[in-house]
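What follows is the residue order along each chain.
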Amino acid sequence: MRATTIHAPYDMRVEDVPDPSVRQPTDAVVRVLRACVCGSDLWAYRGQAEREPGQRIGHEFLGVVEETGSEVTGVGTGDLVVAPFMWSDGVCDYCREGLTTSCEHGGFWGSPGSDGGQGEAVRVPHADGTLVKLPKDAASDDRLLAALLTLSDVLGTGHHAALGAGVRPGATVAVVGDGAVGLCAVLAAKRLGAERIITLGRHQARTDIARRFGATDIVPERGDAAVEAVRELTRGQGAHSVIEAVGTEQSMHTAVHLTRDGGAIGFVGVPHGSQTGLDLGVMFDRNIALRGGVAPVRAYIPELLPDVLDGTIDPSPVFDMTVGLEGVPDGYKAMDERVALKVLVTN
């Protein structure tokens, strides 16, 4: 089959690789219909996250089950399914507590020895604990497929950030980051009843989506100027809930100083940089809470799926460029150059 591999910074290739097969009785093989490029994939693309030459890549996909192992009972051949960005067994202590990303037998797509989502097919370990069945008729609806694909990562990650930030009805929310996760966090905050949602962003195509998703205010400034602007919008107090969806020292520093006394920060930006941006003295004095991390999106899919299916929320606009599998390297280049927000890959 064909699959995307990474060989060096800025060197993405679509190559012939061995077809996946059932190795364990709990495995399934899924033929990929839709995948995408994640902002976190760019750290490997830019050489800021180490990868082995020829390693697979891609962790967001949905598709059709082609084959199952003898112990798989939850899905069958022909089922349309979505896969969260990590596989999990669904039965260990962490999975039962909803922290599927800490599964004792879990793993990450594209890790050494595993298939990546940006390919024609994927071997799925622990299929019953990992895959979520979708309505088969969704396979003929391109917009709905795109919306459902966000359940594999960005929608659930935005939801995780909103929960970590304590978003509640009537709250004022500030979102640091106008990438796909930040925009999905706007959608999640709106869904959870936030009254005011302030998005920090300066790219009009992205802030237009933010407004479509529920943002009430746009702040184009950065750093201290952004903090001042948000405080002017909030009678000097700051936001009850702040979502940090970038992962740099500067973005976390901004998030801390945007937060109202007694408020909370939900952080989901993959950390990269020399320092954290946290001032524990400030957080202690002002009773600011911090919660976040790797989003256990498998635990959130059952809650979010009905709202995607009935159109209550539609995250599909985060995809603004579509390529076929052979065009994935062009998709990485477009996202790296900020020509595209998030690239959809069709098979």
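Residues numbered from 1 in each chain as written. Predicted model: local features only at pLDDT ≥ 70, side-chain atom pairs only at ≥ 80, totals over all residues. Heavy atoms only, no water.

Caption draft 1: Focus on the sheet that holds strand S16 (residues 289–292). Sheet architecture is open: 6 strands sit in the order S13-S12-S11-S14-S15-S16, paired in parallel fashion. Both edges of this open sheet fall to strand S13 (217–219) and S16, since each of them pairs with a single strand only. Taken over all neighbouring pairs, the strand axes of this sheet differ in orientation by 20° on average, direction set aside. Strand direction decides the pairing type here: strand S11 (residues 172–176) and strand S14 (residues 239–244), joined by 4 bridges, are parallel. Bridge pairing in S14 places Val 173 opposite Ser 241. (Pairing = 2+ DSSP bridges. Helix = DSSP H or I, 4+ residues; strand = E, 2+ residues; numbered from the N terminus. Axes fitted to C-alpha atoms, helices over the stretch in contact; angles between N-to-C directions.)

Caption draft 2: Looking closely at the pattern of salt bridges. One pass over the full model with this rule turns up 20 salt bridges. The closest approach of N and O atoms between Glu 60 and Lys 342, which form a salt bridge, is 3.2 Å. One end of the pair, Glu 60, is in the loop between strand S4 (55–56) and strand S5 (61–68); the other, Lys 342, is in the loop between helix H12 (328–336) and strand S18 (343–346), and 282 residues separate them in sequence. Residues Asp 178 and Arg 338 are paired through a salt bridge, measuring 3.8 Å at the closest nitrogen-oxygen approach. With Asp 178 in the loop between S11 and helix H6 (180–191) and Arg 338 in the loop between H12 and S18, the pair connects residues that are 160 residues apart, well separated along the chain. In this structure Arg 338 comes out as partly exposed when scored by relative accessible area, which is 45%. When salt bridges with common partners are traced through the structure, they connect Arg 2, Asp 16 and Glu 326 into a single cluster. (Salt bridge = Lys/Arg side-chain N within 4 Å of Asp/Glu carboxyl O. Buried < 20%, exposed > 50% of the residue type's maximum accessible area, 1.4 Å probe, protein only.)

Caption draft 3: Here's a closer look at the environment of Ala 28. Inspection of the secondary structure assignment puts Ala 28 in strand S3 (residues 28–36). Overall, the relative accessible area of 0% leaves Ala 28 in the buried class. Taking the C-alpha atoms as reference points, Ala 28 and Val 65, 37 residues apart in sequence, are found 6.9 Å from one another. In this view, Ala 28 contacts Glu 67, Thr 68, Val 122, Arg 123, Val 124, Ala 127 and Leu 131; residues no more than four positions away in its chain are not counted. (Contact = heavy atoms within 4.5 Å.)

Caption draft 4: Spotlight on the nonpolar core. Residues Leu 62 and Leu 148 are the most contacted members of the largest nonpolar core, which totals 53 residues. The residues touching Leu 62, leaving out its near neighbours within four places in the chain, are Arg 31, Val 32, Leu 33, Arg 34, Leu 80, Val 81, Val 82, Leu 134, Leu 145, Leu 148 and Leu 149. (Core = buried A, V, L, I, M, F, W, Y, C linked by side-chain atoms within 4.5 Å.)

Caption draft 5: Examining the packing of aromatic side chains more closely. Inspection of the entire model under this criterion finds 5 aromatic pairs. Seen in terms of ring centroids, Tyr 45 and Tyr 332 are 5.4 Å apart; in terms of plane orientation they differ by 40°. Their pairing is tilted. One end of the pair, Tyr 45, is in helix H1 (residues 41–45); the other, Tyr 332, is in helix H12, with 287 residues separating them in the sequence. As far as the burial class goes, Tyr 45 and Tyr 332 line up, both buried. Where Phe 61 meets Trp 109, the ring centres are 5.2 Å apart and the plane angle is 75°; that geometry is what we call edge-to-face. Separated by 48 residues along the polypeptide, Phe 61 in strand S5 and Trp 109 in the loop between strand S8 (107–108) and strand S9 (121–124) bring together distant segments of the chain. The pair Phe 61 / Trp 109 is uniform in exposure class, with both members buried. A cation sits over an aromatic face here: Arg 46 above Trp 43, 5.3 Å from the ring centre. (Phe/Tyr/Trp six-rings, centres within 6.5 Å; stacked < 30°, edge-to-face > 60°. Lys NZ or Arg CZ within 6 Å of the ring centre and 35° of its normal.)

Caption draft 6: Seen up close, the side chain of Thr 172. Among the structural elements, Thr 172 can be located in strand S11. Given the relative accessible area of 13%, Thr 172 is considered buried. Here Thr 172 is in contact with Arg 196, Ile 198, Thr 234, Ala 239, His 240 and Ser 241, once residues within four sequence places are set aside.

Caption draft 7: Representation of unusual backbone geometry in the model. Look at His 126: it is not a glycine, yet its phi comes out positive at around 50°. Note on placement: His 126 falls in the loop between S9 and helix H3 (127–130). Taking the relative accessible area as the measure of exposure, His 126 reaches 23% and is therefore partly exposed. Phi angles above zero are rare outside glycine, and Arg 235 is one such case at about 55°.

Caption draft 8: The arrangement of the side chain of Arg 286 in detail. Secondary-structure assignment places Arg 286 in the loop between helix H10 (280–285) and S16. Arg 286 has contacts with Arg 231, Val 256, His 257, Thr 259, Arg 260, Asp 261 and Gly 262, leaving out every residue within four places of it along the chain.

Caption draft 9: Inspection of a negative patch on the surface at higher detail. Side chains of Glu 221, Asp 224, Glu 228 and Glu 232 sit close together on the surface and give a patch of like negative charge. Position of Asp 224 relative to the elements: it lies in helix H8 (residues 223–233). (Patch = residues over 30% accessible without salt bridge, like charges linked within 9 Å, V, L, I, M, F, W, Y side chains within 5 Å. Areas by Shrake-Rupley, 256 points an atom, 1.4 Å probe, with all protein chains shown as cover. Lys, Arg positive; Asp, Glu negative; His and termini not counted. Charge placed at Lys NZ, Arg CZ, Asp CG, Glu CD.)

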